[in-house]
Amino acid sequence: MFGRNVKRMAVFMAALGLGLALGVSAGSAQAADNTIKIAVPSPYTGSAAGFGENVKAGVAMKIDEVNAAGGVNGKKIEAVYLDEQCEPREAATVSSSIVNDPEIVGIVGHLCSSAHLAALPTYVREGIAAISPTATNISISDKNKDEQGKVWSFRNVYRDDFQGKFLADYIDKVMGFKKVAVFYENNDYGIGLKDAFVKEAKKLGLNVVGDEAYKKGDQDFTPQLTKLKGGAPQAMFIAGYYPEGALIADQAKKIGLNVPKFGADGFDNADYIKLGGAAADDTYLTAPFLADTAGPDAKKFIKDFKARYKREVDWMSANAYDAAGMMVQAIAKVGPDRAKIRAYLAGMNTPEKGYQGVTGVNYFDANGDCQKPAFVKMVKGGKFVPAPKQMN
């Protein structure tokens, strides 16, 4: 969807040479000696910019809290926000700029699975650890290790195989529907969700009456929706992100496909409701964090977040807040050393060694994956609210 603009890239690289990235100044040499940088690559422009702003909100809040308390070992933490538009080609370019900046010691990102997968080879080869708060594709677990088997990419969000299976179980066991249509975005995220969902649906005896694909940036979904409507589904699972999801919801309503819609974490953005309007109602989605069920440790975070950003907390911001917290904790324990930071994160492999964050205890398995429960929220009356029925 996004072309590579040579002029824009030239300006970007020139700015990078001066120690700038998206308006974040590296400052003087003296200032650099007193700061520790972490990169936060995400989409800050383009169709997924709303998600990028969620991640930025969580990271900025954690870093500001750390710096207000004196920083880490007398040094301030500085986030370098790099725009990769959720595009693999842009992510590959950004990854090179990250590893070639010796002042950057760790990464919180990428946001989209396709972008994260495109950047991974560079991070593994050059030896810098990344924690993604949002990338859920299962392939990441197989591509984040070096030749010695060391993991360089971690995540504090569940995988698509868990999420897709969970949604099939929820539709069948909780909602009681037996016929479902599947509409998926033709990328790493959408395909991963779709495959896991369909696999579990077959095990349950859930009848998938049709499946159709679409591309990022598509505007007209009527042909595929008309085919899906012909199967008389009781529900529709949409595996993709909120910009297209909102259009799909609206166009489904217009052709009379008035069935409950189910989505994954890619729908969890206030803009889904703004773009979809009344058609967004009766949408159910999974999320790894639900403010309404948060424990005591998360209450202050939720209160401070609302005061700072004048909006409700989303799961991406909460996960990014914790991912930044884990990275900062690693730096505080072992210093600004890329290899030692990786080793520290890999050592967070049990609940006892995990990071107690606002989203619960965060720790990693041998593949750098974090096991977390899923919650279900829904759109009702133009608002996200907890679904009345949760999975046990």
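Note that the structure is a prediction, hence the values are computed from the model and not measured.

(A) Representation of the packing of aromatic side chains within the structure. One pass over the structure, following the stated rule, counts 20 aromatic pairs. Summarising the aromatic geometry, the rings of Y44 and Y81 are spaced 6.0 Å apart at their centres and angled 90° between planes, so their arrangement reads as edge-to-face. Of the two residues, Y44 is situated in the loop between β3 (35-42) and α3 (49-68) and Y81 in strand β4 (residues 76-83); the sequence distance between them amounts to 37 residues. The pair formed by Y44 and Y81 is uniform in burial state, with each residue classed as buried. An angle of 90° between the planes, with centres 4.7 Å apart, marks the rings of F51 and Y242 as edge-to-face. With F51 in helix α3 and Y242 in helix α9 (residues 242-254), this residue pair connects regions lying 191 residues apart in the sequence. Taking relative accessible area as the criterion, Y242 reaches 3% and is therefore assigned buried. Through a chain of ring-to-ring contacts, the aromatic side chains of Y158, F162, F166, Y170, F177, F262 and Y284 assemble into a single cluster. Looking at K56, its charged tip hangs above the ring of Y44, at a distance of 5.9 Å from the centre. Sitting over the ring of Y81, K56 keeps its end group 4.9 Å from the ring centre.

Reading the values: rules and limits
- Residues numbered from 1 in each chain as written.
- Predicted model: local features only at pLDDT ≥ 70, side-chain atom pairs only at ≥ 80, totals over all residues.
- Heavy atoms only, no water.
- Phe/Tyr/Trp six-rings, centres within 6.5 Å; stacked < 30°, edge-to-face > 60°.
- Helix = DSSP H or I, 4+ residues; strand = E, 2+ residues; numbered from the N terminus.
- Buried < 20%, exposed > 50% of the residue type's maximum accessible area, 1.4 Å probe, protein only.
- Lys NZ or Arg CZ within 6 Å of the ring centre and 35° of its normal.

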